[in-house]
Amino acid sequence: MTASGVSTHCPYCALQCAQALTPVAGGVEVDGRDFPTNRGGLCRKGWTSAAVLRAPDRLTTPLVRGTDGALRPASWEEALDLVAERLLRTRQVHGADAVAVFGGGGLTNEKAYQLGKFARVALGTANIDYNGRFCMSSAAAAANRSLGLDRGLPFPLADLGGAGAVLLLGSNLAETMPPAVQHLAGARARGGLVVVDPRRSATARLVEGGQGLHLQPVPGTDLVVLLALLHVVLAEGLADAAYVQERTSGLADVQRSVAAWWPERAERECGVPAGLLRRTARLLAAASPTHGGPGAYVLTGRGVEQSSQGTATVTAAINLALALGLPGRVGSGYGALTGQGNGQGGREHGQKADQLPGYRMVDDPAARAHVAAVWGVAPESLPGKGLPAVELLRSIGTDGGPRALLVHGSNLAVSAPNVDEVRRRLRGLDLLVVCDFVPSETAQLADVVLPVTQWAEEEGTLTSLEGRVIRRRKVLDPPDGVRSELWVWSELARRLGSPGVFDTDPAAVFDELARASAGGRADYSGLSHERLDTGEALHWPCPATSGAPHPGTPRVFTDRFPTPDGRARLVPVDHHGPLDDVRPDAPVYLVTGRVLQHYQSGAQTRRVPELAAEVPQPWVELHPLLALRLGVEDAAPVRLTGRRGRLTAAARVTDTIRPDTVFMPFHWGGAESVNLLTNDATDPVSGMPEFKVCAVDVQAGAPRGARA
Ligand SMILES: Nc1nc2c(c(=O)[nH]1)N[C@H]1C(S)=C(S)[C@@H](COP(=O)(O)OP(=O)(O)OC[C@H]3O[C@@H](n4cnc5c(=O)[nH]c(N)nc54)[C@H](O)[C@@H]3O)O[C@H]1N2
Ligand SMILES: Nc1nc2c(c(=O)[nH]1)N[C@H]1C(S)=C(S)[C@@H](COP(=O)(O)OP(=O)(O)OC[C@H]3O[C@@H](n4cnc5c(=O)[nH]c(N)nc54)[C@H](O)[C@@H]3O)O[C@H]1N2
Ligand code: SF4
Ligand SMILES: [Mo]
C-alpha cells in the first residue's frame, strides 16, 4: 500500500476504509491506505470507486421538466428560480409542512447538518426525514432506550481482535464490509464466531473448519433465538451477577419474560436445534470476562433490525450482552454495524424528523433554545417533530400531506419498501426536486434535477461505524456546471427570504455544527477541520475545553451509562414474528439483502463497468428441494408473487439457503426491484420498515427447461 496521494476515505459504506487518491488524466487513481479499520485493504467497490466520477451519464447541468413531459437542460438561475417560486407558492397555499425533505446517510456531516437547518429555518417544515430510517433506526432506538446513547460501535472496531467469541446477528460482513473480516480472526481462531443468518452466507462460511457456529433460523425469528440464549444464561447461572447488580436495572422483569423460552420450545418456533442454542450460550459465557474469558461481543446487522420487531430484537441482543456483563468492559461489548458512509453522523446532526444537531431531541425546550441561538432565530419559530420516512412517503397525496419533496442522497424509487406505491406517490407530487450526480431512478421522476458534487470533489467530514470523525478531501475539480449542495441551499435560502446564514464553506459549516452540538449527546465542539487535519481521526464525544484539547472517546460506557441513574436498562420484549407471514397462498419466506459488488440502490455501482459486468442482474436464490418441487432449473426464470406485487428473475439454485426461504438482492430498479414485494409495515418504536422478511408464492416463470 502506498501513502502518497491525497489522504481520504471511500465514498461508500460506514467502514470508511482509508484511501490515497492521486489525480491522473481523466480522473483519480485509488490506493488503499493504512488505517485501524481497513489496514490498507479495500473491497472491490472501493478499488473501482473512481469510475463514478466520470460516469458517461454524469449530470452536469440542471434539468427541468418541460410541458412535453421530458426533462430538458436549464441554467442554474432558471432552475433555482423555478424551485424557489414553486416552494413559496406551495407554502403559501398549503402551509409549510406541505414541503418535505428526504435526506441520506451518505451526505457529509456538513451537508446533513445544513440540510436539517435548511428544512427548519428556510422552509419552516417539520417534515424532514432520511434513508437512515430504513437502515439504523431500530438499532438506534434500542441503544438509546437501553444504554442511553446510540453510537453504533461504542468501541473501536479493532477491539474485536482480542475476543474469544463474537455473536453476529443478521450481518453479512464478508460481503458488506470485507476488510472488517480481519478483525474476526481472533474469535475464529478460538472457535468463537457465531453467525445467525437464514442463509449460509459468505460470512456464515467463515465458521467452517471449527472456527465457530452457524445458526440458521426461520426468517424473522431472531428474537426467539435471543430469548432462548438469555434463558440458558440465566437458567445455568452463567450471568455476571456482580455486573448486573452494579451496572443495570430491570433484571426481574426480563428474567420473567424469558422464563418460558426454554431451548426446546424456542426450537419449535425458530428451527434452531435446542442443543445448538445451549452451545451458543455456553460459548459466549465462557468467553466473557466474568468466567475469565478473553472477552465477547454481540453485534447486530440489518438482517435482524429491518423488521417490525427490530427494536425489540436489538433490545434482546442488548439484554443478553448486559446479562453476560459485556457493555462498557474493555475487550467486550454490544454494537450495531452502521451501514452507510455517514450513517452515524447523518443521524446525529438533524436529518431525522425528531432530532436537532448534537443528537438533541426536537421536542426538548432546552435543545430548541440552544440550537435556535446558534441559528439566529427564535426557538418558537422551529417546527416540531415531523413524520418518519415511511409515514412521510405514505402521506404524499393525502389530505394535508406533502405536495413538494426535495431529495438529497437517496434513490427512493428503488430502495423504499412497497416501492410501486412509492413511485406512484412521487409521480403525484406537485413538485419533486432531486439533487444527485447521476440520473438515478428517482431523478428520472423529478420535475427539477440539480447536478451536485461527489466524494473526491468536495471537502467535509463523515463519522464512521466506530464513531470516528474522519476527513473527506477534495482531490479534483467537479465537471463544469456542477455545484455543491451547500451552495444550492444558500442560493435557495436567499430566494426564499430565509433568516439565518447558510455558509457555503464546509470548514465554516463544521464550526457551526460543532457549536450547535456543544453540550449535546454527540458533542463535536472540540473538533474542527483544522484539528482533524493535523491529528488522527477522533471519536465523539469530543467537547471543547479551555485547557488541553479533549482526546476524543474511543470507548463509551466504561464508567457509567448516560442514563439518569447511570445504569443500563434491561427491558423485557416479546416475539410476534413477521407481519406478512407465510400462508397457503404465499408459503415461502422472501428475505432481501446485498451482494459484494453493488451498493444500495445501485445508482453508483451499476455505473462501474467492472461491477456491472460481473453482476449485471438480480437473481432469486432457492434451495434445490424447493426448485425440484416447483420444477425450476438453475438460471431459469422464477416468478415471485406477494401481497403488494410480483416480479420475475433468474433462479440461482443453491443449498446455502433454507428450503422454506428465497433470497433476492435489492440493487436494481424498474421491474427488477425486489422492493415491489417488500412490506412497508413498520416497527412501532423506530419506524423501520420490514424489509427483510415477507411472504411470497414462488412459481416457475416459464415452461420447464425453458431458459430466461
Ligand atoms: N456490498 C455492499 N456493502 C454494503 C452495502 C451495500 O449495499 N452493498 N450497504 C451498506 C449499508 S447502508 C448497510 S445498512 C450494510 C448492511 O449490511 P448487512 O446487514 O451485512 O447486509 P444485508 O445483506 O442487508 O443483510 C445481512 C444478512 O441478513 C440476512 N437476513 C435476512 N433475513 C434475516 C433474518 O430474518 N434473520 C437474520 N438473522 N438474518 C437475516 C441476509 O441473509 C443477509 O445475509 O451494508 C453496507 N455495506
Ligand atoms: N429490500 C431492501 N431494501 C432496502 C434495504 C434492504 O436491505 N432490503 N436496505 C435499506 C438500507 S439499509 C438503506 S441504507 C437504503 C439505501 O437506499 P438509498 O437511500 O436509495 O441509498 P443509495 O442507493 O446510496 O442512494 C443514494 C443516492 O444519492 C446519490 N448520492 C450519493 N451521495 C450523494 C450526495 O452527497 N448528495 C446527493 N444529493 N446525492 C448523493 C447517489 O448517486 C444515489 O442516487 O436502502 C434500503 N432498502
Ligand atoms: S468496505 Fe466499504 S468503505 Fe471499505 S472499500 Fe468497501 S465499500 Fe469502501
Ligand atoms: Mo443501510
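Everything numeric in this text was worked out from a predicted model, so none of it was measured. (Residues numbered from 1 in each chain as written. Chains lettered and ligands numbered in written order. Predicted model: local features only at pLDDT ≥ 70, side-chain atom pairs only at ≥ 80, totals over all residues. Heavy atoms only, no water.)

Things to note about the overall build of the chain
Turning to step 1, where the next piece is worked out: When helices and strands are counted, the chain shows 23 helices and 30 strands.
Turning to step 2, where the next piece is worked out: A compact globule built from 708 residues should have a C-alpha radius of gyration of about 27 Å, and the chain, at 24 Å, falls within 12% of that.
Turning to step 3, where the next piece is worked out: Sorting the 708 residues of the chain into buried and exposed places 64% on the buried side.
Turning to step 4, where the next piece is worked out: By sequence separation, contacts in the chain at least 24 residues apart represent 73% of the contacts at least 6 residues apart.
Turning to step 5, where the next piece is worked out: When the accessible surface of the chain is split by element, carbon and sulfur atoms take 51% of a total near 23300 Å².
Turning to step 6, where the next piece is worked out: Side-chain charges of the chain comprise 71 positive and 73 negative groups, with the mean position of each set lying 3 Å from the other. (Helix = DSSP H or I, 4+ residues; strand = E, 2+ residues; numbered from the N terminus. Rg over C-alpha atoms; globule rule 2.2 N^0.38 Å. Buried < 20%, exposed > 50% of the residue type's maximum accessible area, 1.4 Å probe, protein only. Contact = heavy atoms within 4.5 Å. Areas by Shrake-Rupley, 256 points an atom, 1.4 Å probe, with all protein chains shown as cover. Lys, Arg positive; Asp, Glu negative; His and termini not counted. Charge placed at Lys NZ, Arg CZ, Asp CG, Glu CD.)

Overview of the site of ligand 1
Turning to step 1, where the next piece is worked out: Taken together, 32 residues sit near ligand 1, with Asp197, Asp222, Arg594, His598 and Gln600 positioned nearest.
Turning to step 2, where the next piece is worked out: Glycine 220 has a polar backbone atom sitting 2.8 Å from an oxygen atom of ligand 1.
Turning to step 3, where the next piece is worked out: Backbone polar atom of arginine 302 to an oxygen atom of ligand 1: 2.9 Å apart, as the coordinates give it.
Turning to step 4, where the next piece is worked out: Here ligand 1 loses 99% of its free accessible area of 920 Å² to cover by the protein chains.
Turning to step 5, where the next piece is worked out: At the level of secondary structure, the elements contributing two or more residues to the shell around ligand 1 comprise α5 (173-176), α12 (302-305) and β23 (588-593).
Turning to step 6, where the next piece is worked out: Here the residues of the shell around ligand 1 are counted per class, giving 11 nonpolar, 13 polar and eight charged.
Turning to step 7, where the next piece is worked out: Per-domain counts for the shell around ligand 1 show at least three residues from each of domain 3 (140-336) and domain 4 (588-700). (Near = heavy atom within 4 Å. Polar contact = N/O pair within 3.5 Å; in protein donor to acceptor, adjacent residues only side chain to side chain. Nonpolar A, V, L, I, M, F, W, Y, C, P; charged D, E, K, R; others polar. Domains from an automatic or database assignment.)

Some thoughts on the side chain of threonine 605
Turning to step 1, where the next piece is worked out: For threonine 605, the location among the structural elements is in the loop between β23 and α22 (609-614).
Turning to step 2, where the next piece is worked out: Residue threonine 605 is classed as buried on the basis of its relative accessible area of 0%.
Turning to step 3, where the next piece is worked out: Looking at threonine 605, its side chain comes within polar contact range of the main-chain nitrogen of tyrosine 599, at 2.9 Å.
Turning to step 4, where the next piece is worked out: Setting aside its immediate chain neighbours within four residues, threonine 605 contacts Tyr12, Lys45, Gln597, His598, Tyr599, Leu611 and Ala612.

Remarks on the pattern of salt bridges
Turning to step 1, where the next piece is worked out: One pass over the full model with this rule turns up 39 salt bridges.
Turning to step 2, where the next piece is worked out: Linking arginine 347 and aspartate 150 is a salt bridge whose minimum nitrogen-to-oxygen distance equals 2.7 Å. Pair noted here: arginine 347 is in the loop between α14 (343-346) and β14 (355-356) and aspartate 150 is in the loop between α4 (137-147) and β8 (165-169), with a separation of 197 residues, a long-range link. Judged on exposure class, the residue arginine 347 and its partner aspartate 150 are both buried.
Turning to step 3, where the next piece is worked out: Between arginine 329 and aspartate 240 there is a salt bridge; the shortest N-O distance is 3.1 Å. Placement of arginine 329 in the loop between α13 (310-323) and β13 (333-336) and of aspartate 240 in the loop between α7 (222-235) and α8 (241-247) is noted, with a sequence separation of 89 residues between them. (Salt bridge = Lys/Arg side-chain N within 4 Å of Asp/Glu carboxyl O.)

Section: the packing of aromatic side chains
Turning to step 1, where the next piece is worked out: The tally for this structure, following the rule as stated, stands at nine aromatic pairs.
Turning to step 2, where the next piece is worked out: The interplanar angle of 45 degrees and the centroid separation of 6.1 Å between the aromatic rings of phenylalanine 102 and phenylalanine 134 together place this pair among those described as tilted. Linking phenylalanine 102 in strand β6 (residues 99-103) with phenylalanine 134 in the loop between β7 (128-130) and α4, this pair joins segments that are 32 residues apart in sequence.
Turning to step 3, where the next piece is worked out: For phenylalanine 134, a relative accessible area of 5% puts it in the buried group.
Turning to step 4, where the next piece is worked out: Of the aromatic side chains, those joined through ring pairs into one cluster are Phe102, Phe134 and Phe691. (Phe/Tyr/Trp six-rings, centres within 6.5 Å; stacked < 30°, edge-to-face > 60°.)

A closer look at the site of ligand 3
Turning to step 1, where the next piece is worked out: Looking at ligand 3, there are 13 residues lining it, with Cys10, Cys13, Gln16, Cys17 and Cys43 nearest.
Turning to step 2, where the next piece is worked out: In a pocket analysis with a 2 Å cut-off to the grid points, ligand 3 is assigned to the second largest cavity.
Turning to step 3, where the next piece is worked out: For the shell around ligand 3, the residue count by class is 10 nonpolar, two polar and one charged.
Turning to step 4, where the next piece is worked out: Counting residues domain by domain, the shell around ligand 3 receives three or more from each of domain 1 (6-53) and domain 3 (140-336). (1 Å grid on protein atoms, 1.4 Å probe; cavity = no way out; pocket = protein on both sides within 12 Å on 5 of 7 lines; lining within 4 Å. Sits in = over half its atoms within 2 Å of the grid points.)

Re the environment of phenylalanine 118
Turning to step 1, where the next piece is worked out: In this structure, phenylalanine 118 sits in helix α3 (residues 109-123).
Turning to step 2, where the next piece is worked out: Phenylalanine 118 sits 130 residues away from threonine 248 along the chain, and the two C-alpha atoms are 40 Å apart.
Turning to step 3, where the next piece is worked out: Each residue touching phenylalanine 118, except ones within four places of it in the same chain, is listed here: Leu123, Leu406, Trp489, Leu492, Ala493, Leu496 and Phe502.

Here we look at empty space enclosed by the protein
Turning to step 1, where the next piece is worked out: Under the criterion given, the structure shown has 10 cavities of 30 Å³ or more.
Turning to step 2, where the next piece is worked out: In this model, the second largest cavity occupies a volume close to 90 Å³.
Turning to step 3, where the next piece is worked out: Cys10, Cys13, Cys17, Cys43 and Gly46 are, among the 13 residues lining the second largest cavity, the residues nearest its centre.
Turning to step 4, where the next piece is worked out: A per-class count over the lining of the second largest cavity returns 10 nonpolar, two polar and one charged.
Turning to step 5, where the next piece is worked out: Here the lining of the second largest cavity gathers at least three residues from each of two domains, domain 1 (6-53) and domain 3 (140-336). (Points joined across faces, edges and corners; volume = space filled by probe spheres on them.)

Description of helix α11 (residues 274-287)
Turning to step 1, where the next piece is worked out: Over its 14 residues, α11 runs 20 Å from end to end, which matches the ideal 20 Å to within 8%, given 1.5 Å per residue.
Turning to step 2, where the next piece is worked out: Here α11 has its buried residues at Ala274, Leu276, Leu277, Thr280, Ala281, Leu284, Ala285 and Ala287. (Expected span 1.5 Å × (residues − 1).)

Re the domain arrangement of the chain
Turning to step 1, where the next piece is worked out: For the chain, the assigned domains are domain 1 (6-53), domain 2 (63-134 + 342-539), domain 3 (140-336) and domain 4 (588-700).
Turning to step 2, where the next piece is worked out: Summarising the inter-unit geometry, the C-alpha centres of domain 1 and domain 3 are found 32 Å apart.
Turning to step 3, where the next piece is worked out: Residue-level contacts link 12 residues of domain 1 with 10 residues of domain 3.
Turning to step 4, where the next piece is worked out: Counting the surface lost from both domain 1 and domain 3, the interface buries some 730 Å², and carbon and sulfur atoms represent 66% of this.
Turning to step 5, where the next piece is worked out: By the criterion of area lost to domain 3, the three top residues of domain 1 are Leu15, Thr37 and Arg39, representing 53% of everything that side buries.
Turning to step 6, where the next piece is worked out: For the pair domain 1 and domain 3, the number of links is zero salt bridges.
Turning to step 7, where the next piece is worked out: Seen at the junction of domain 1 and domain 3, the total is two residue pairs in polar contact (both at pLDDT 80 or more).
Turning to step 8, where the next piece is worked out: Residue composition of the side of domain 1 that touches domain 3, grouped by class: seven nonpolar, three polar and two charged. (Buried area = accessible area lost by both parts, 1.4 Å probe.)

Brief notes about the sheet that holds strand β2 (residues 18-24)
Hydrogen bonds between backbone atoms are what pair the strands of a sheet, whose relative direction is either parallel or antiparallel.
Turning to step 1, where the next piece is worked out: Across the sheet, which stays open at both edges, the three strands sit in the order β1-β2-β3 with antiparallel pairing between neighbours. At either end of the open sheet lies a strand with only one pairing partner, and these are β1 (6-9) and β3 (27-32). Within this sheet the neighbouring strands show an average axis-to-axis angle of 40 degrees, counted without direction.
Turning to step 2, where the next piece is worked out: Where β2 meets β3, six bridges bridge the pair, whose relative direction is antiparallel. Counted as the bridge partner of leucine 21 is valine 30 from β3. (Pairing = 2+ DSSP bridges. Axes fitted to C-alpha atoms, helices over the stretch in contact; angles between N-to-C directions.)

Considerations on the pairing of strand β12 (residues 296-300)
Turning to step 1, where the next piece is worked out: Across the five residues that make up β12, a large majority, five, are buried.
Turning to step 2, where the next piece is worked out: The alternating pattern of β12 places Ala296, Val298 and Thr300 on one face and Tyr297 and Leu299 on the opposite face, and all of these are buried.

Describing the packing of α7 against α11
Turning to step 1, where the next piece is worked out: Put simply, α7 and α11 touch, their axes get as near as 9 Å, and they point 60 degrees apart. What the angle tells us is that α7 and α11 run oblique. Where α7 crosses over α11, the two elements pack in a sense that is right-handed. Along its contact with α7, which presents Val225, Ala228, Leu229, Val232 and Val233, the element α11 presents Leu277, Arg278, Thr280 and Ala281.
Turning to step 2, where the next piece is worked out: Tallied by class, the residues present in the contact of α7 with α11 amount to seven nonpolar, one polar and one charged. (Parallel < 35°, antiparallel > 145°, perpendicular 65-115°, else oblique. Left-handed = near helix turned anticlockwise from the far one by under 90°.)

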